Amino acid sequence: MKLTLQDIENNIKQLSIYLTSLEVDALYLSGSDYYLSEYSAKEVSLRSYLTPFTGSTAEVLIIPNKKVLLFVDGRYHFQADLECKELAIMEVMKVSSPVSLFNELTHYLVENHITKLAIVPERTQFSKLEKLTSHNLQLISVATEKVEQLIGLQYSMKKSPIYPVAENILPSLYENKFKALNLPVKQAIFLSSCDDIAWLSHCRSFQTLGNSYFLSKALVTSDHLHIFVPLDTEISE
């Protein structure tokens with residue numbers, strides 16, 4: 001994936017037009033994909049289509065027709081300055097440890113009296129939604145499909161089978177992990193993190209560059225691990 005600065009400017013413009021029609025103050029974007037992966041491929045990260053930044057971690061706030069704020073930690077202060085300096089609408093927000101990027105972003109929202117915030121719920125962790133709600137923000141849901149359409153995001157998942165990892169090469173047994181949860185009957189845990197599902201299931205794949213997890217959601221009950229994957233996913237016995 002290779003976008004020019006003009007491509008990114010056009011994407012920002014198209015998205016700003018849409019956000020203005022919604023009458024929102026800003027749009028929050030995480031770098032997550034639909035599976036809320038901590039490190040998602042650039043091809044599926046909305047941030048990669050709306051900023052020149054190529055680092056693995058950042059938070060983005062888009063204020064329609066005004067500016068795009070990129071929140072980065074100390075690892076990326078210099079890199080973000082270099083990569084974003086040619087895009088006038090970009091503003092790099094340098095966050096220092098131990099303050100988290102998201103906490104700094106919410107602080108900015110409060111300090112600048114932003115009250116009507118658009119979010120992409122499919123790509124936003126529940127804990128972040130709770131925090132935003134706690135600040136009495138009015139949240140407006142924007143479907144990820146709509147944003148992808150506006151910025152021209154098109155991505156096909158790499159075909160790679162899901163396979164079980166031999167128990168003798170792992171530090172702990174599947175059964176021991178499962179039993180340690182000690183879930184009561186009629187209670188369940190919903191897992192949206194692909195990393196957690198791969199760890200618990202002892203299964204791996206190479207569907208995304210640089211990661212050995214597989215795209216999935218899961219439901220853990222007292223006696224079963226139910227894993228949901230795309231229909232065309234190949235399962236290796």
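Residues numbered from 1 in each chain as written. Predicted model: local features only at pLDDT ≥ 70, side-chain atom pairs only at ≥ 80, totals over all residues. Heavy atoms only, no water.

Caption draft 1: The arrangement of the packing of helix α7 (residues 174–181) against helix α8 (residues 194–201) in detail. Orientation of α7 relative to α8, taken along the N-to-C sense of each, is 120°, at an axis distance of 8 Å. As the angle between them shows, α7 and α8 are arranged oblique. Here α7 contributes Y174, K177, F178 and L181 to the contact with α8, which in turn contributes W199, L200 and S201. Looking at the contact of α7 with α8, its residues break down into 5 nonpolar, 1 polar and 1 charged. (Axes fitted to C-alpha atoms, helices over the stretch in contact; angles between N-to-C directions. Helix = DSSP H or I, 4+ residues; strand = E, 2+ residues; numbered from the N terminus. Parallel < 35°, antiparallel > 145°, perpendicular 65-115°, else oblique. Contact = heavy atoms within 4.5 Å. Nonpolar A, V, L, I, M, F, W, Y, C, P; charged D, E, K, R; others polar.)

Caption draft 2: Focus on the environment of L170. Mapping L170 onto the fold places it in the loop between β7 (163–164) and α7. Taking the C-alpha atoms as reference points, L170 and A188, separated by 18 residues in sequence, lie 25 Å from one another. Dropping the residues within four chain positions of it, L170 is found in contact with V165, H202 and R204.

Caption draft 3: Structural detail: the pairing of strand β4 (residues 90–94). As paired strands, strand β3 (residues 67–72) and β4 are joined by 5 bridges and run parallel to one another. Paired with V68 across the two strands is M90, which belongs to β4. Between the parallel elements β3 and β4, the chain passes through helix α3 (residues 77–84) in a crossover that is right-handed. (Pairing = 2+ DSSP bridges. Right-handed = clockwise from strand over helix to strand, strands pointing away.)

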